[in-house]
Amino acid sequence: MSYKGKHSPEIYVNEPMALYVTKSSGSLFNNLFGSNAKQVAAMTDFDMLQLTRSGLPKHLLLSLAKRISLTIQEFADIMHISERTLQRYDDDAIIKTEYAEKAVELARLYTRGEEVFGSLDKFKTWMKTPLHVFKGETPVSLLDSSVGFDMVFKELGRIEHGVFA
């Protein structure tokens, strides 16, 4: 008997259809950049990319700093800009791309921390607590470099999965 006779070509696998939904990154702006960001509530990742490339207004950056309880000095240190230079910008002035990119990374980190800790306030407290895993430094003090951001993100992953070093 031939191969065609043994196998029917009409056999199909019936599986439930899956729906994959990605979170809108606009919620990141709404939650962490404050009420001034209502116009970006429905942003896609590509919209956020374009916004980051074009820079962010100073008032959004300061709104983020306030929402995550950073002083202007702490925020300026993370952004690699002097506090005085940051203060000189007008509120509606567009801040350079590299600062916008850092702000988006901060917003992502704090969004992730809120997910892991279940509360933004608990995460903000953790960020300002000296930790043994970071050789006695606070997590927020590590955010002046991309390596520091990675270290904090990795530690959040360990906490989420119950792995304590």
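Shown above is the structure to which this text applies.
What comes next concerns the included structure.

Basis of the calculations
- Residues numbered from 1 in each chain as written.
- Predicted model: local features only at pLDDT ≥ 70, side-chain atom pairs only at ≥ 80, totals over all residues.
- Heavy atoms only, no water.
- Helix = DSSP H or I, 4+ residues; strand = E, 2+ residues; numbered from the N terminus.
- Buried < 20%, exposed > 50% of the residue type's maximum accessible area, 1.4 Å probe, protein only.
- Polar contact = N/O pair within 3.5 Å; in protein donor to acceptor, adjacent residues only side chain to side chain.
- Phe/Tyr/Trp six-rings, centres within 6.5 Å; stacked < 30°, edge-to-face > 60°.
- Salt bridge = Lys/Arg side-chain N within 4 Å of Asp/Glu carboxyl O.
- Contact = heavy atoms within 4.5 Å.
- Axes fitted to C-alpha atoms, helices over the stretch in contact; angles between N-to-C directions.
- Parallel < 35°, antiparallel > 145°, perpendicular 65-115°, else oblique.
- Nonpolar A, V, L, I, M, F, W, Y, C, P; charged D, E, K, R; others polar.

Further remarks concern the environment of Ser141. Residue placement: Ser141 occurs in the loop between helix 8 (120-127) and helix 9 (146-160). By relative accessible area, which is 33% here, Ser141 ends up partly exposed. Polar contacts involving the side chain of Ser141 include one to the side chain of Glu137, which spans 3.2 Å. A polar contact is formed between the side chain of Ser141 and the backbone oxygen of Thr138, at a distance of 2.6 Å.

Across all of its chains, the model carries 5 aromatic pairs by this definition. When the centroid spacing of 5.7 Å and the interplanar angle of 50 degrees are considered together, the rings of Phe117 and Phe123 count as tilted. We classify Phe117 as partly exposed; its relative accessible area is 21%. Here Phe117 and Trp126 contribute two aromatic rings whose centre-to-centre distance is 5.4 Å and whose plane-to-plane angle is 45 degrees, an arrangement assigned as tilted. Among the aromatic residues, those joined into a ring-pair cluster are Tyr110, Phe117, Phe123, Trp126 and Phe134.

Before going further, it helps to examine the pattern of salt bridges. Overall, the coordinates contain 7 salt bridges when judged by the stated rule. With a shortest N-O distance of 3.9 Å, Asp91 and Lys58 are connected by a salt bridge. Separated by 33 residues along the polypeptide, Asp91 in the loop between helix 6 (83-88) and strand 2 (94-95) and Lys58 in helix 4 (residues 58-67) bring together distant segments of the chain. Owing to a relative accessible area of 47%, Asp91 belongs among the partly exposed residues under this scheme.

The next point concerns the side chain of Lys124. Inspection of the secondary structure puts Lys124 in helix 8. Residue classification places Lys124 among the buried residues on the basis of a relative accessible area of 14%. A polar contact of 3.3 Å, which involves the side chain of Lys124, links it to the backbone oxygen of Arg67. Contact partners of Lys124, with chain neighbours within four places excluded, come to Arg67, Ile68, Ser69 and Tyr110.

Where helix 3 (residues 45-54) meets helix 7 (residues 97-117), the closest approach of the two axes is 6 Å, and the angle between their N-to-C directions is 140 degrees. Considering the angle they form, helix 3 stands oblique to helix 7. In this structure, helix 3 uses Met48, Thr52 and Arg53 to contact helix 7, whose residues at the interface are Thr97, Ala100, Glu101, Val104 and Arg108. Residue composition of the contact of helix 3 with helix 7, grouped by class: 3 nonpolar, 2 polar and 3 charged.

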